[in-house]
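Close look at the chain arrangement
What follows is the residue order along each chain.
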Amino acid sequence: MIIRILLVFSAFITGCAGPGQSRSPSTDPLPSWQSGPAKAAITAFIEDATTENRPGFIPSPERIAVFDNDGTLWAEQPVYFQLLFAIDRVRQLAPDHPEWNEEPALKAAIDGDMAALASSGKEGLLRVVTASHAGMTSDEFDAIARAWFAKAEHPTTGRPITSMVYQPMLELLEALREAGFKTYIVSGGGVDFIRAFAEEVYGIPPEQVIGSSLETEWDPTERAVVRTPKLGFIDDKAGKPVAIQRVIGRRPVMTVGNSDGDLQMMQWTAEGDGPRACIIIRHTDATREWAYDRDSSIGRLDEALTEASERGWTVVDMAEDWRTVFPDR
């Protein structure tokens, strides 16, 4: 979907390092992961990739790991978080735009009628996104997004949106960077929305975030980059490998995702020469998070789950493989 969206953070749980910190070599780099096949496969891949003379050794410049965001690095239920941001923004702007009440999708957003908004389809959702994300400079959008992150709460858990990140994934990102990997986000969510929090939350700088985008243009009067209401690029499904090649210029050796929207990115990774790791986060924990896969309208995992079984990709069972899901607040 055009807006696979969102954000996060909190600090690592006691004993875990935050972005940029290091651990003792004797410390388990993935303490929130249960011992089992998934953890063993991931740690073995990292160890082999960084040990010369092993068949799985990967030269440092080629250690590229890409991660989906929604449902992979943080939660995506009951709706993508960027949609929550868009709705809040439309409501904030509505008093200055009485004409929006004549547009069904925008009126549904203003009224908080999620059923009516859903019935507006992709075109309606796109209209909500363009109305809330365009007509400002890139710096203004960044400031607006950061202000929203500072106060937004999850609609069902009541937790700050910034605490809906997955603790085990924070540990994996850090373990990879300590092993000389360069970590990227490749998301269907808005690139500038993710860039507003990714460095603080994930330790991933803005230049290592790839996502969907609106078209922008140079305003010579303001001397600024201005966001237009025209859709520029959708970084989902087949768009993901295209964007990786365009931005990074190297095929990843590790891809981590959670849905069919990540399948082509995984297929492209798997077809490369040498050692490769394709990892799927499967949402199986209805108690600590949500349980969904093949029949979900959000984060559907169907074709990719079948192909993972056929090709021996690593499937992380959230209920079985993670000791904890979210960080301590």
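That block above? That's the structure.
Let me sum up the structure you'll find in this document.

Procedures and definitions
Residues numbered from 1 in each chain as written. Predicted model: local features only at pLDDT ≥ 70, side-chain atom pairs only at ≥ 80, totals over all residues. Heavy atoms only, no water. Helix = DSSP H or I, 4+ residues; strand = E, 2+ residues; numbered from the N terminus. Rg over C-alpha atoms; globule rule 2.2 N^0.38 Å. Buried < 20%, exposed > 50% of the residue type's maximum accessible area, 1.4 Å probe, protein only. Contact = heavy atoms within 4.5 Å. Areas by Shrake-Rupley, 256 points an atom, 1.4 Å probe, with all protein chains shown as cover. Lys, Arg positive; Asp, Glu negative; His and termini not counted. Charge placed at Lys NZ, Arg CZ, Asp CG, Glu CD. Core = buried A, V, L, I, M, F, W, Y, C linked by side-chain atoms within 4.5 Å. Phe/Tyr/Trp six-rings, centres within 6.5 Å; stacked < 30°, edge-to-face > 60°. Lys NZ or Arg CZ within 6 Å of the ring centre and 35° of its normal. Expected span 1.5 Å × (residues − 1).

**A few points about the overall build of the chain**
When helices and strands are tallied, the chain shows 13 helices and eight strands. Computed over C-alpha atoms, the radius of gyration of the chain comes to 20 Å, within 12% of the 20 Å expected from 2.2 N^0.38 for 329 residues, which places it in the range of a compact globule. On the principal axes, the C-alpha backbone points of the chain span a range of 65 × 45 × 40 Å. Each of the 329 residues in the chain was classed as buried or not, and the buried ones make up 53%. For the chain, long-range pairs separated by at least 24 residues make up 70% of all intrachain contacts whose partners lie at least 6 apart in sequence. For the chain, the exposed area adds up to about 14,300 Å²; of that, 48% sits on carbon and sulfur atoms. A gap of 2 Å separates the mean positions of the 32 positive and 49 negative side-chain charges of the chain.

**Thoughts on the nonpolar core**
In terms of nonpolar packing, the biggest core is built from 71 residues, with F67, M169, L172, Y202 and W322 touching the most fellow members. Top contributing element to this core by residue count: helix α2 (residues 81–93), with eight residues.

**A closer look at the packing of aromatic side chains**
Counted by the stated rule, this structure contains 15 aromatic pairs. With a centroid separation of 5.2 Å and 35° between ring planes, the pair formed by W74 and F197 is classed as tilted. Of this pair, W74 sits in the loop between β1 (64–67) and α2 while F197 sits in the loop between α8 (191–195) and α9 (198–202), and the two are 123 residues apart along the sequence. Pair check on accessibility: W74 and F197 agree, each one buried. Note on W148 and F193: the rings are 6.1 Å apart at their centroids and 50° apart in plane angle, and the pair reads as tilted. One end of the pair, W148, is in helix α6 (residues 138–151); the other, F193, is in helix α8, and 45 residues separate them in sequence. Judged by relative accessible area, F193 falls into the buried class, the value being 1%. Every member of this aromatic cluster is reached through a ring pair, and the members are W74, F81, F85, F141, W148, F149, F193, F197 and Y202. One residue, R227, lies across the ring of F141, its end atom 3.9 Å from the ring centre. Geometry around F233 places R246 over its ring, the cationic atom sitting 5.1 Å from the centre.

**Observations regarding helix α7 (residues 167–178)**
Three- or four-residue spacings in an α-helix give side chains the same orientation, since the helix completes a turn every 3.6 residues. When the terminal C-alpha atoms of α7 are compared, their 17 Å separation across twelve residues agrees well with the 16 Å that a helix rising 1.5 Å per residue should span. Counting buried positions along α7 gives ten out of twelve residues, so the element sits mostly inside the fold. Of the positions making up α7, those classed as buried are Q167, P168, M169, L170, E171, L172, L173, E174, A175 and L176. On its buried side, α7 packs onto α1 (37–49), β1, β2 (182–190), α9, β5 (254–257) and β6 (277–284). The positive-phi residue at the C-terminal boundary of α7 is G180, with phi of around 90°.

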